[in-house]
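# Examination of the molecular architecture
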Amino acid sequence: MKFKYDVLVIGGGHAGCEAATAAANMGARTCLITMDMNKIGQMSCNPAVGGIAKGQIVREIDALGGYMGLVTDATAIQFRMLNRSKGPAVWSPRAQCDRGKFIWEWRTILDHTDNLDIFQDQADELLVKDRKVLGIRTIWGIEIYARTVVITAGTFLNGLMHIGKRKVEGGRCAEPAVHHFTESITRHGITSERMKTGTPVRIDRRSVHFEDMEPQPGETDYHQFSFFGPQRKLPQLPCWTCNTNEEVHEVLRSGLADSPLFNGQIQSTGPRYCPSIETKLVTFPDKNSHPLFLEPEGTDTNEMYLNGFSSSMPWEIQLEAIHKISALRDAKIYRPGYAIEYDYFDPTQLKHSLESKIIEGLFFAGQVNGTTGYEEAGGQGTVAGINAAL
């Protein structure tokens, strides 16, 4: 191997996968650097793509030659067209996906993309000379050079996870944080700040009383995300709905003093459209209940995702509150919800091409720009990959 490329992509998430394939398909010699080849395209939070204000982004990626729509259709276990009660201009496709199959569908695409190498390693230092990017040095001391570099590091840069008062370094649950790389970027005059996001508890479906929930079936008509490719091929599974109640809220309020969001432990900016359950209680004190959606994580697993219950409260409080919901009174959990803080770079430092205004040949895409959705990340990855190749 010669460690010299046209385009080097750092990070194998949704932005990185789209950036790498876009650059390679345009004929650029491309290398994708990822910490774990078995977690490529990992859906860190809800294994769902699309929804209101997001589904159209996936269609735009598809129209530009990207893969998110195709991968989603191939791994969808529930498809719904939201907003059907309104005109078709605001209809919004959404798909619940099989988390594991989504990863391997992306991995297959990457493995069969010409001009694209994959290298499992971790970026440690950005190499720059005379305000022009040269490449990176990895934690193993390997130097990889490229004419352009696309950074799509997600939540891993100095990542710090929170459950109650406990803090653990990591870029995702059970995965290490990336230290030093942010500092190797900011020393050249690029500014960084901290952002926060979160994810809810995961529940064992065998412990759920589904008779106390409302089923939410998917749709089996002709709709899909991609303009290309076959129809959805996996069995379509229902989601389920229920609501919190005043007992749930009492338990959660009793733990607010230990909530990282309200005791000063977390001071980062969070996403507007995905508030935690404790934020909902404080923001909407007059509400007696909030809707929850229990969603499957795949066709071959009992793991289910409790949408609407994102939290970083102490795990005991999370579990006690869940047990106050009739359908979840005997719920067993795989793991509690947690919040994560990470570094991002002010996107006003970028051109519209997503190239840095400060370092020539350096591009940023996805959560490192402050975005919080797979779709936004994929869209930015497509744009950054195309412009890096150009």
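About the thresholds
Residues numbered from 1 in each chain as written. Predicted model: local features only at pLDDT ≥ 70, side-chain atom pairs only at ≥ 80, totals over all residues. Heavy atoms only, no water. Pairing = 2+ DSSP bridges. Helix = DSSP H or I, 4+ residues; strand = E, 2+ residues; numbered from the N terminus. Axes fitted to C-alpha atoms, helices over the stretch in contact; angles between N-to-C directions. Contact = heavy atoms within 4.5 Å. Parallel < 35°, antiparallel > 145°, perpendicular 65-115°, else oblique. Left-handed = near helix turned anticlockwise from the far one by under 90°. Nonpolar A, V, L, I, M, F, W, Y, C, P; charged D, E, K, R; others polar. Buried < 20%, exposed > 50% of the residue type's maximum accessible area, 1.4 Å probe, protein only. Polar contact = N/O pair within 3.5 Å; in protein donor to acceptor, adjacent residues only side chain to side chain. Disulfide = S-S within 2.5 Å. Expected span 1.5 Å × (residues − 1). Salt bridge = Lys/Arg side-chain N within 4 Å of Asp/Glu carboxyl O. Arc of directions from axis to C-beta. pLDDT = per-residue confidence, 0-100. Phe/Tyr/Trp six-rings, centres within 6.5 Å; stacked < 30°, edge-to-face > 60°. Lys NZ or Arg CZ within 6 Å of the ring centre and 35° of its normal.

Strands sit in the order S3-S5-S4 across an open sheet of 3 strands; the sheet is antiparallel. The outermost strands of the open sheet, each flanked by one partner alone, are strand S3 (48-50) and strand S4 (76-82). Averaged over all pairs of adjacent strands, the angle between their axes in this sheet comes to 15°, without regard to strand direction. Relative to strand S5 (residues 92-97), S4 runs antiparallel, the two sharing 6 bridges. What sits directly across from Phe79, in S5, is Ala95. Sitting on the sheet, helix H2 (residues 55-63) touches S3, S4 and S5, and the angle it makes with S5 is about 85°.

What follows is about the packing of helix H1 (residues 14-25) against helix H4 (residues 99-111). Interhelical geometry of H1 versus H4 gives an angle of 20° and a closest axis separation of 11 Å. Here H1 is positioned roughly parallel relative to H4, judged by the angle of their axes. Crossing of H1 over H4 shows left-handed handedness. From H1, His14, Cys17, Glu18 and Thr21 reach across to H4, where they touch Phe102, Trp106, Ile109 and Leu110. Class assignment of the residues belonging to the contact of H1 with H4 gives a composition of 5 nonpolar, 2 polar and 1 charged.

This part takes up the pairing of strand S14 (residues 239-243). In this structure, strand S13 (residues 214-216) lies alongside S14, joined through 3 bridges in antiparallel fashion. The partner of Glu214 across the bridge, within S14, is Thr241. As paired elements, S14 and strand S15 (residues 291-296) share 4 bridges and run antiparallel to each other. Residue pairing for S15: Cys242 is matched across the bridge by Leu292.

Time to look at the side chain of Gln78. Looking at the secondary structure, you find Gln78 in strand S4. Accessibility expressed as a relative area gives 1% for Gln78, which makes it buried. Looking at Gln78, its side chain comes within polar contact range of the main-chain oxygen of Gln216, at 2.8 Å.

Enumeration according to the criterion identifies 0 disulfides in this entry. Unpaired in terms of disulfides, Cys31 finds its nearest cysteine sulfur in Cys17, a separation of 13 Å. Sulfur of Cys239: no disulfide; nearest cysteine sulfur belongs to Cys97 and is 11 Å away.

What follows deals with unusual backbone geometry. For Arg131, which is not a glycine, the phi torsion comes out positive at approximately 65°. You can see Arg131 is positioned in the loop between strand S7 (123-129) and strand S8 (132-138). Of note in the backbone geometry, Asn158 takes a positive phi value of approximately 50° without being a glycine. Mapped onto the elements, Asn158 comes out in the loop between strand S9 (143-151) and strand S10 (160-163).

Before going further, it helps to examine the packing of helix H6 (residues 246-254) against helix H8 (residues 315-322). Two elements in contact, H6 and H8, have axes separated by 8 Å at closest approach and are oriented at 170°. As summarised for this structure, H6 and H8 are arranged roughly antiparallel, according to the angle between their axes. Of the residues in H8, those touching H6 at Val248, Val251, Leu252 and Ser254 are Ile317, Glu320 and Ala321. Partitioned by chemical class, the residues of the contact of H6 with H8 number 5 nonpolar, 1 polar and 1 charged.

Right, let's talk about H1 for a bit. Its 12 residues give H1 an end-to-end C-alpha distance of 17 Å, which sits within 8% of 16 Å, the value for a rise of 1.5 Å per residue. Counting buried positions along H1 gives 11 out of 12 residues, so the element sits mostly inside the fold. All of the buried residues along H1 are His14, Ala15, Gly16, Cys17, Glu18, Ala19, Ala20, Thr21, Ala22, Ala23 and Ala24.

With that out of the way, let us pick up the pattern of salt bridges. Taken as a whole and judged by the stated rule, the model has 24 salt bridges. A salt bridge links Arg137 to Glu143, with the shortest nitrogen-to-oxygen separation between them at 2.6 Å. A relative accessible area of 26% places Arg137 in the partly exposed class. Among the residues examined, Glu143 registers a relative accessible area of 28% and is labelled partly exposed. Residue Arg194 is joined to Asp343 by a salt bridge in which the shortest nitrogen-to-oxygen separation is 2.8 Å. Note that Arg194 is positioned in strand S12 (residues 192-204) and Asp343 in strand S18 (residues 338-345), a separation of 149 residues in sequence. Among the charged side chains, a salt-bridge network with shared partners connects Arg99, Arg202, Glu297 and Glu303.

It is worth spelling out H4 at this point. Here H4 is 13 residues long and its end C-alpha atoms lie 19 Å apart, about the 18 Å a rise of 1.5 Å per residue gives. Of the positions making up H4, those classed as buried are Arg99, Phe102, Ile103, Trp106, Arg107, Ile109 and Leu110. Down the axis of H4, the buried side of the element spans an arc of 160°, and every buried residue falls inside it.

Right, let's talk about the confidence of the model for the protein for a bit. In the predicted model, the protein carries a mean pLDDT of 96, and 99% of its residues have values of at least 70. The spread of mean pLDDT over the elements of the protein runs between helix H7 (residues 277-283), the lowest at 95, and strand S19 (residues 362-364), the highest at 99.

Take the packing of aromatic side chains next. Counted according to the given criterion, the structure contains 5 aromatic pairs. The interplanar angle of 75° and the centroid separation of 5.7 Å between the aromatic rings of Phe79 and Phe225 together place this pair among those described as edge-to-face. Residue Phe79 is found in strand S4, and its partner Phe225 is found in the loop between S13 and S14; the two are separated by 146 residues along the sequence. Phe79 sits in the buried class, given a relative accessible area of 0%. Ring centres 4.8 Å apart and planes at 50° place the aromatic pair Phe210 and Trp240 in the tilted group. Here Phe210, found in the loop between S12 and S13, pairs with Trp240, found in strand S14; they are 30 residues apart in sequence, far enough to count as distant. This pair shows no difference in class: Phe210 is buried, exactly as Trp240 is. We note Arg59 situated over the ring of Phe227; from NZ or CZ to the ring centre the distance is 5.9 Å. Cation over ring: Arg84 sits above Trp91, and NZ or CZ is 5.3 Å from the ring centre.

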